[in-house]
Amino acid sequence: MGSYLPHSESDYKQLLAGAGYESIDGLFSSVPESLRLKEPLALPNGISEQEALAMFKNMAAMNSPTAELACFLGAGTYDRIIPTAVGAIASRSEFYTAYTPYQPEISQGTLSYIFEFQSMAAELLGLEVANASLYDGPSALAEAVMLACRAKKRKAVLLSQAISPEAKRTVETYAHFSGITVSYMGLDGGISCVPDKGELGEYAAIAAASPNFYGIIENIEEIAQAAHSAGALMIGYSENPHAMAVLKSFGSCGCDIGVAEMQGFGIEPYFGGPHLGVMASTKALMRSLPGRLAGASLDADGNRAFILTLQAREQHIRREKATSNICTNQSLNALKAVCYMSLLGPDGIREAARQGMAKLRLFISLLEPSGITLKHKSAAFFDEAVLELPVPASEALESLLSLGFIGGYSLGGGDLLVCATEKRTEAEIQAFAKALIEVCK
Amino acid sequence: MRGDYSKLIFEISKEGRTSYSLPGFDGESIEEMIDASLVRDEKPRLPEVSERDIVMHYTKLSEKNYGVDSGLYPLGSCTMKYNPKVCEDIAALEGFSAMHPYQSELTAQGSLMLMHSLAEALCEITGMAAFSLQPAAGAHGELAGLMMAKKRFETIGQANRTKIIVPDSSHGTNPASAAIAGFDVISIDSGPDGLIDLDALQAAVGSDTAALMVTNPNTLGLFEKGIAEACEIVHKAGGLVYYDGANLNAIMGIAKPADMGVDIMHVNVHKTFAAPHGGGGPGAGPIGASEEMAAYLPGPNAAFKEGSYILQSPAMSIGQVRGYYSSLSVLVKAYAYIAILGGDGLSEASIAACLNANYLREKLSSAYKMPHSGPCMHEFAAAGLLEAAEGVHTDDVAKRLIDYGYHPPTVYFPLIVEEAIMVEPTETESIESLDDFAEAMLSIAKEAVESPSLLKSAPGKAPAKRIDSLLAAKKPVLTYWQLKGENNG
């Protein structure tokens, strides 16, 4: 068995004596006898490092990862190219074995990259400030809904139905227990129907996704105008923020809050987590943001230095009056995103986005002879879109899997949501089109 | 540690410099694919840097950081133990990392098996009946647990139970989570021994009590001797007991929370099971439940049915508290750690953690106030220096420790201990490491009397001198654009 304990037999004796106890039992004298376990834990015996590697390799081999199957599935999690340097930087133990930078003088590395992350996220989403990250997009959207309800002193929000099911379900859970009512906008051709002013009640916020769950670029500007005319805040949401490097940002569309899931920025899909949520906002809402914030300050020598700030919002100071209960952020994933954005730069992210879009369009053009077409024909879409198949999508997915493809996400009936990122090769696209046509015959 | 580099990545950016490497693909241009009215006017102002400069930049930044690998990291309540390297290699296996969450269950049997096995191991270690791996952090587990309590009371027609009782020694996340789950918070004072005052608890419970939140060992590092009685008091009043498992590292194989009478609990797997803390995350906070409460757990979770692993949600589930199922890369490391240590190894880790803390506590007691009698469990709270020149405070001791090459302990927490210094050495520190740290602490105590300016001006040997937190809060500068005085958005 492996052990990471440094103590020899004689160390134990010396430690016990130094602590002033005669036996280990004495050390645990504060644990009532009735609660002390009489039997050892019924877990397997410990194993060596070598055995552990073999055990987990066997378990990993029971999976069929996207490395073995060509992945045309997006739906909120994206199989994108991750530059090698991202992993190299994130595996420096000065970063990954540190904790929350409570002692800023010896945490300038962490604080600097968090400050960089806030700057990049704010720039991408087109808003003035951003936080140091949140657990993931869905929980960050739930936090944004609660922020809006606090800020507007209202207890209802209006959501687009075309927000991802993961995010909708998460918001609904949080809202239920916080006494917030969630209503949904109508949906027409995959696009949210902008509500008439007269229909808008006392909503704290309207939230819509772009690209939405169907890959469609929504008219966020128009929805934001409706929100503001009813005295509500506008929340823009994206689980595919590569689009933000290409499309008008949430801020420029009039959003007060922008929320994103940034997994596609250098973070492995990892069967759903940990991913990387972020919330950006106008300066007016800065003091209501949940989670950590790194700010610039000066040290005693007058040099620029970074420190966690506006902590009066946070749970360890405000307890039940805090803006959120969040303590952990996704710091290491924020570092990966910062490295990713630096390595690709503005042109690289736009090129990745363009390639995904162009590859999806190539794929769709290859389907043309078969009669398989887009469901939402007039909508503008990003690198993901809904196809109408002549067979049930769930059956098509099973057949595609046997041919080596993760073929997309079944929306029920013949509706199949497919995605192409920059990572898909032309050969994969050709083969996938051929396979899909075959399984639809 | 080096402190001479203080640039931001934006400050080494130069227009037109690139380092990206994507396969070539012609295809259409953006303007050919979508209407110009949808397109961003200007490209985002992200850094334009070469790969060599990026790697250099972050390597230099890393040299301004202190991690567990750098040295003793006695940050109380955070369990900064050594993170085994093999767990990193295991978590990096492509068979785990390159898995899409919506892949069919048939192609994800390995991930699901791992999740199911870890949940079973957590049940054995804590005695709980079932675990959900959904919560992304300890505080997230608390929130999910309190939602479960609320849902149960809604279900059995007792929605009038709106109050959560929290001892004043609790983590700040406890009352904050309670408030977000829609409860009112009642704080009860601890007794002079630092433990829950059972009389105060008895007086606080009633027909409106939803739950007691308790941390055990508590945040003073003391085992709550009366926890079984406390659970009984709350249960008799019709309430539930929520157990904050942040300090589970002290009792593995020694005692099980379920035996104490606990209904719901979370486990900070990154603390107890050695997953690295990543500069503040990601962590994971699986939530466990008694038989009676298991149906309310969040989901979907991994289950084993008819020969294969599937995802399913409990019957009365509160729903999802995040996207997908878990923070799996963190959980893989935790499960690898459990597998390597085995049952005996985990108990031994807890014993050594408590032994190390008591040894250090004894060594420091000649110069630091120990407000409660021992034994402590895996950590202890000192109430500042026994003797010091005027104006010397806990914060000064902490900053001076940096000059001695250490990460300081947690300070000013818990709030109920004046000048609190919370020390958690963890089990992976050798006796020599503990002795060296004690020597530094005692030497600082001497300086606090003889040459207090050394403490007041500390740190002198860190990458930064003491940083002005008031300035940062008064004039918040949160982005590079604000730093340059430019507008954003």
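Analysis parameters
- Residues numbered from 1 in each chain as written.
- Chains lettered and ligands numbered in written order.
- Predicted model: local features only at pLDDT ≥ 70, side-chain atom pairs only at ≥ 80, totals over all residues.
- Heavy atoms only, no water.
- Helix = DSSP H or I, 4+ residues; strand = E, 2+ residues; numbered from the N terminus.
- Rg over C-alpha atoms; globule rule 2.2 N^0.38 Å.
- Buried < 20%, exposed > 50% of the residue type's maximum accessible area, 1.4 Å probe, protein only.
- Contact = heavy atoms within 4.5 Å.
- Areas by Shrake-Rupley, 256 points an atom, 1.4 Å probe, with all protein chains shown as cover.
- Lys, Arg positive; Asp, Glu negative; His and termini not counted.
- Charge placed at Lys NZ, Arg CZ, Asp CG, Glu CD.
- Salt bridge = Lys/Arg side-chain N within 4 Å of Asp/Glu carboxyl O.
- pLDDT = per-residue confidence, 0-100.
- Buried area = accessible area lost by both parts, 1.4 Å probe.
- Polar contact = N/O pair within 3.5 Å; in protein donor to acceptor, adjacent residues only side chain to side chain.
- Nonpolar A, V, L, I, M, F, W, Y, C, P; charged D, E, K, R; others polar.
- Pairing = 2+ DSSP bridges.
- Axes fitted to C-alpha atoms, helices over the stretch in contact; angles between N-to-C directions.
- Parallel < 35°, antiparallel > 145°, perpendicular 65-115°, else oblique.
- Left-handed = near helix turned anticlockwise from the far one by under 90°.

What follows concerns the overall build of chain B. When helices and strands are tallied, chain B shows 17 helices and 12 strands. Taken over C-alpha atoms, the radius of gyration comes to 25 Å for chain B, in line with the 23 Å a tight globule of 489 residues would show. Here chain B holds 489 residues, and the buried ones make up 66% of them. Across chain B, every contact between residues at least 6 apart in sequence was considered, and the portion connecting residues at least 24 apart equals 70%. Split by element, the accessible area of chain B, about 15,900 Å² in all, is 47% carbon and sulfur. Seen as two clouds, the 37 positive and the 61 negative side-chain charges of chain B have centres 6 Å apart.

This part covers the pattern of salt bridges. If you walk through the whole model with that rule in mind, you get 35 salt bridges over all chains. Residue B:Glu486 is joined to B:Arg45 by a salt bridge in which the shortest nitrogen-to-oxygen separation is 3.0 Å. Here the residue B:Glu486 occupies a position in the segment after helix H17 (480–483), and B:Arg45 occupies one in the loop between helix H1 (30–33) and helix H2 (51–62), the gap between them amounting to 441 residues. Salt bridges sharing common partners tie together A:Glu123, B:Arg40, B:Arg45, B:Lys484 and B:Glu486.

Further remarks concern the confidence of the model for chain B. Residues of chain B with pLDDT of at least 70 account for 99%, and the chain-wide mean is 96. Across the interface, the model reports ipTM at 0.98; the global pTM reads 0.98.

The next subject is the interface of chain A and chain B. Contact residues are listed per partner, giving 180 residues for chain A and 204 residues for chain B. Here chain A meets chain B over a buried area of about 16,600 Å², counting both sides, of which 65% is carbon and sulfur. One salt bridge connects B:Lys399 with A:Glu105, and the closest N-O pair in it is separated by 2.7 Å. Inspection of the chain A/chain B interface yields 85 residue pairs in polar contact (both at pLDDT 80 or more). Considering every element that reaches the side of chain A that touches chain B, the biggest residue donor is helix H11 (residues 331–367) of chain A, with 25 residues. Of the residues contributing to the side of chain A that touches chain B, the split by class is 98 nonpolar, 52 polar and 30 charged.

Turning our attention to the side chain of A:Gln108. Tracing the chain through its elements places A:Gln108 in helix H6 (residues 108–125). Looking at A:Gln108, its side chain comes within polar contact range of the main-chain oxygen of A:Pro104, at 2.9 Å. The contact partners of A:Gln108, leaving out residues within four places of it in the chain, are A:Ala305, A:Phe306, B:Lys64, B:Asn65, B:Ala464 and B:Ile467.

Residues and elements named next belong to chain A. Counting buried positions over the five residues of strand S12 (residues 304–308) gives four, a clear majority of the element. Bridge count for strand S11 (residues 294–298) against S12 is five bridges, and the pairing is antiparallel. When the bridges of S12 are listed, Ala296 appears paired with Phe306. The turn joining S11 and S12, which pair antiparallel and follow one another in sequence, is formed by five residues; a positive phi near 85 degrees is taken by Gly302.

Looking now at the packing of helix H7 (residues 137–152) of chain A against helix H8 (residues 165–178) of chain A. All names here are of chain A. Orientation of H7 relative to H8, taken along the N-to-C sense of each, is 40 degrees, at an axis distance of 8 Å. Classified by the angle their axes make, H7 and H8 are oblique. Along this stretch, H7 crosses H8, giving a crossing that reads as right-handed. Facing Pro138, Ser139, Leu141, Ala142, Glu143, Val145 and Met146 of H7, the residues of H8 in contact are Glu166, Ala167, Thr170, Val171, Tyr174 and Ser178.

Here the focus is the sheet that holds strand S4 (residues 209–215) of chain B. Residues and elements named next belong to chain B. Spatially, S1-S7-S6-S5-S4-S2-S3 is the arrangement adopted by the seven strands of the open sheet, whose pairing is mixed. The open sheet terminates on both sides in strands that have one partner only, identified here as strand S1 (130–132) and strand S3 (184–188). When the angles between neighbouring strand axes are averaged without regard to direction, this sheet yields 25 degrees. The pairing of strand S2 (residues 163–167) with S3 spans five bridges and is parallel. What sits directly across from Lys163, in S3, is Asp184. On the sheet, helix H6 (residues 138–155) packs against S2, S4, strand S5 (240–245), strand S6 (264–267) and strand S7 (287–289) and is oriented at approximately 170 degrees with respect to S5.

Here we come to the side chain of A:Ser107. Here A:Ser107 is to be found in the loop between helix H5 (93–96) and H6. Classification of A:Ser107 as buried rests on a relative accessible area of 5%. A polar atom in the side chain of A:Ser107 sits 2.8 Å from the backbone oxygen of A:Gln103. The residues contacting A:Ser107, other than those within four sequence positions of it, are A:Pro101, B:Lys64 and B:Asn65.

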